[in-house]
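# Fold and geometry: a report
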Amino acid sequence: MKTFKKTLASVGLVSMLAMNVAMAAQIGTGTITGVNTSSIDFSGTFPGTATWVLTPVIVTASVDPVLNMTVSTGGLALGTLDTVGKSANLGMELGTNATNGIVVTASSANGGLTSNTASGIINSELTDGVQESYTFASSTGVVDSSVADFTSSVTTATEVTTGAKDVVIYTSNRPEKTDLTNNDVTFTVAAKSAEQTAAASDYSDTITFTVVGSF
């Protein structure tokens, strides 16, 4: 009988120890609700620490393209032309986040200065029997890019004709800021007449600027 009681006592002790071990192994539960819903079993001992890592949590964002161009005036008055030549200019400010920079082109609508009342065209071509000059040029202003390897280029005086109406006046290779206190480019139009140029007071041309960013 004593032996049987001792055996029962031993079985009871083992059972209690097993229960204590199981209770120590599981100290709490919880949930994380999100993209991946998981059940958490906190294991360990109490007091203590429990860690659960939820992956993946993905962070996304976007940046819109920026392409700005501001010109200082909408009109360039050359005045009365002569054989020496007259010129006028405007300031141009550019800003972009284009990774590979921009290209700015000045395009002449007429390929020269034309008149509604006089025949011929003021440019360097001899198609009308008279050779004059009509040029586009540009010069650099203040560099406002903070990108280390930023470079830009402009163009010397280039004759505009009916066969070559487009002139690239500015190129850059990296992004640059819009800084309205300083111009990036000064664009210059120049023209001169000849002794045989037809008299008229309404010579004109329309210039369109196009800026293209390489994003």
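Since this is a predicted model, take the numbers as computed values, not measurements.

### A look at a nonpolar patch on the surface
Taken together, V103, V168 and V212 make up a surface patch of nonpolar side chains, about 210 Å² in accessible area. Note that V212 resides in strand β13 (residues 207-213). Take V212: its relative accessible area is 46%, and that puts it in the partly exposed class.

### Remarks on the sheet that holds strand β9 (residues 152-153)
As summarised here, the arrangement of the 4 strands in space is β9-β11-β5-β13, forming an open sheet in which the pairing is antiparallel. Two strands bound the open sheet, and with one partner strand each, they are β9 and β13. Sheet analysis places strand β5 (residues 102-108) next to β13, joined by 7 bridges and oriented antiparallel. Within the sheet, the bridge partner assigned to I102 lies in β13 and is G213.

### Notes on the environment of G74
Relative to the elements of secondary structure, G74 occurs in the loop between β3 (67-71) and β4 (86-96). On the basis of relative accessible area, G74 is assigned to the exposed category, the value being 90%. Residues G74 and I207, spaced 133 residues apart in sequence, show a C-alpha to C-alpha distance of 9.8 Å.

### Some remarks on the sheet that holds strand β8 (residues 133-140)
Taking strand neighbours across the sheet as the criterion, the 5 strands line up as β3-β4-β12-β8-β10 in an open arrangement whose pairing is antiparallel. Each having just a single partner strand, β3 and β10 (158-159) make up the two edges of the open sheet. Sheet topology places β8 next to strand β12 (residues 185-192); 8 bridges connect them, and they run antiparallel. When the sheet's bridge partners are listed, S138 is paired in β12 with F187.

### Quick notes on the pairing of β5
A large share of β5 lies buried, amounting to 6 of its 7 residues. Direction of pairing for β5 relative to strand β11 (residues 166-172): antiparallel, over a ladder of 5 bridges. Residue pairing in the sheet places V104 in a bridge with Y170 of β11.

### A look at the nonpolar core
By size, the foremost hydrophobic cluster in this structure holds 24 residues, and its most contacted members are V104, F136, I169 and Y170. When residues of this core are traced back to their parent elements, those giving at least two are β4, β5, β8, β11 and β12.

Rules used throughout
Residues numbered from 1 in each chain as written. Predicted model: local features only at pLDDT ≥ 70, side-chain atom pairs only at ≥ 80, totals over all residues. Heavy atoms only, no water. Patch = residues over 30% accessible without salt bridge, like charges linked within 9 Å, V, L, I, M, F, W, Y side chains within 5 Å. Areas by Shrake-Rupley, 256 points an atom, 1.4 Å probe, with all protein chains shown as cover. Salt bridge = Lys/Arg side-chain N within 4 Å of Asp/Glu carboxyl O. Helix = DSSP H or I, 4+ residues; strand = E, 2+ residues; numbered from the N terminus. Buried < 20%, exposed > 50% of the residue type's maximum accessible area, 1.4 Å probe, protein only. Pairing = 2+ DSSP bridges. Core = buried A, V, L, I, M, F, W, Y, C linked by side-chain atoms within 4.5 Å.

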